[in-house]
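Chains, contacts and geometry: an overview
These are the residues of each chain, in order.
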Amino acid sequence: METAMNRLGVFLEGLPARVTVDMARRAESAGFDRVWIPEIVFADAFVPSTAVALSTKRIEVGTGVVGIWSRSPVAMGLEAYTLHDVSGGRAVLGLGTQAKGYVEDWHGRRYERPVRAMREFLTILRRIVDLEETTYEGEIFSVRGFRLQALPTERRLRLYVAAIGPKMVQLAGELADGLLGYFYSVEYLRDVVLPNLQIGAARAGRSLDGFDVGVGLPANVGDPDRSIDELRGQILMFATAAGSSPAYAKSISAAGFGDTAEEVRERARAGDTDGALAAISPEFVDALTVSGNPVHARERIAAYTEAGATSVAVNPAAPHAFYPLYAGHLEGLTFPEFDFDGYLRVIGDTMDALAR
């Protein structure tokens, strides 16, 4: 597999749009290749992505990610293609199934067969953004007689799939232009993700040369002791998230921390916030984040590249932050107060430390 891309990205999550634009400019100046702008509860992805595209010149702008049940395939295609056009071909559309509660409680849609749903949505969307006449009768998504009336762009819009578990990873290898994974350990990337990408690619009879194997990781780079301590909450959040994706637990186990993660889960189930956090060792944090001093952080990124990632995206996390990922997650625990100033400090320090 070709591994020459080695892009460095940064997530800009949970910020006011104007601050997102300022931070994106800073990322571009620091030499980052891409910004990822998620969509959960704080803002949509496309408006701030458009503002970033109009305020920068070089950096790629990715939605990281937009849920496939949040819009029809036609609406998603219209928004994504407009962003791609406005950005001068710098857009990347990251798609995910997101959590069941997001889909059913917020969007009033039925969350069903996520891999099948992603296959149908991606198939329809590919045709739409390639400006093809699109009719598709799926089991979950359907479009009849739509064609996007737009001028072709010089660069084809790239579609990425957010995937943790093997079946969704296979689908990415089969149909997408890139994978946006998250919270992969190096071992999980090497031993689970890459083989399943190859299975998907073989199913489609295609090569993965040029396919972007992206890994996103919680990050806090600067003072080693402080950065490790401030990221314990992120480990707690994903170590207890089996209800969202069992693959998080498998990623942790692949790194050798399965028993520790079970202790964290037991303490969390008992409502022992301090005990759950205390069970997370510095080594556990280091195995699943980009943290520590700048030299070590770069070594961590290099380890993912050597294992087969072609892009790594750091996700600066507010100090000590963790929050439920779905209904019932982390019930009984005490959540820390969100430290916005500390969050801005972590974003700035992490980008400065990784500037190139």
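Now for a quick tour of the structure.

1. A short note on the overall build of the protein chain
Counting its secondary structure elements, the protein chain contains 15 helices and 11 strands. For a compact globule of 356 residues, the expected C-alpha radius of gyration is about 21 Å, and the protein chain comes in at 19 Å, within 12% of that figure. Counting only C-alpha atoms, the protein chain reaches 55 × 40 × 40 Å along its principal axes. For the protein chain, the proportion of its 356 residues judged to be buried stands at 56%. Of all intrachain contacts in the protein chain linking residues separated by at least 6 positions in sequence, the fraction that spans at least 24 positions is 74%. Here the protein chain has roughly 14,300 Å² of accessible surface; of this, 50% comes from carbon and sulfur atoms. Distance from the positive charge centre (36 side chains) to the negative charge centre (46 side chains) of the protein chain: 6 Å.

2. Here we look at the environment of Gly 214
By the element assignment, Gly 214 lies in strand β9 (residues 212-221). Expressed as a C-alpha distance, the spacing of Gly 214 and Ala 17, which sit 197 residues apart in the sequence, is 24 Å.

3. Observations regarding the packing of aromatic side chains
Both the distance between ring centres and the angle between the ring planes are used here to describe each pair of aromatic rings. Per the stated rule, a full pass over the model turns up 16 aromatic pairs. Ring centres 5.8 Å apart and planes at 70 degrees place the aromatic pair Phe 338 and Tyr 343 in the edge-to-face group. Counting every residue linked through ring pairs, the aromatic cluster contains Phe 11, Trp 36, Tyr 160, Tyr 182, Phe 183, Phe 238 and Tyr 248.

4. Topic: helix α6 (residues 166-175)
The α-helix advances 3.6 residues per turn, and as a result positions three or four apart in sequence lie on the same side. Among the 10 residues that make up α6, seven are buried, leaving the element largely enclosed by the rest of the structure. Every buried residue of α6 is listed here: Met 168, Val 169, Gln 170, Leu 171, Ala 172, Gly 173 and Glu 174. Contacts made by the buried residues of α6 are with α5 (114-129), β7 (158-162), β8 (178-182) and α7 (186-204).

5. Focus: the environment of Arg 206
Structurally, Arg 206 is set in the loop between α7 and β9. Overall, the relative accessible area of 30% leaves Arg 206 in the partly exposed class. In this structure, the C-alpha to C-alpha distance between Arg 206 and Arg 158, residues 48 residues apart in sequence, is 16 Å. For Arg 206, the contacting residues outside a window of four places in its chain are Ala 172, Gly 173, Glu 174, Leu 175, Ala 176, Ala 201 and Phe 211. Here Ala 172 takes part through its backbone oxygen, which lies 3.3 Å from a polar atom of the side chain of Arg 206.

Each value, and the rule that gives it
Residues numbered from 1 in each chain as written. Predicted model: local features only at pLDDT ≥ 70, side-chain atom pairs only at ≥ 80, totals over all residues. Heavy atoms only, no water. Helix = DSSP H or I, 4+ residues; strand = E, 2+ residues; numbered from the N terminus. Rg over C-alpha atoms; globule rule 2.2 N^0.38 Å. Buried < 20%, exposed > 50% of the residue type's maximum accessible area, 1.4 Å probe, protein only. Contact = heavy atoms within 4.5 Å. Areas by Shrake-Rupley, 256 points an atom, 1.4 Å probe, with all protein chains shown as cover. Lys, Arg positive; Asp, Glu negative; His and termini not counted. Charge placed at Lys NZ, Arg CZ, Asp CG, Glu CD. Phe/Tyr/Trp six-rings, centres within 6.5 Å; stacked < 30°, edge-to-face > 60°. Polar contact = N/O pair within 3.5 Å; in protein donor to acceptor, adjacent residues only side chain to side chain.

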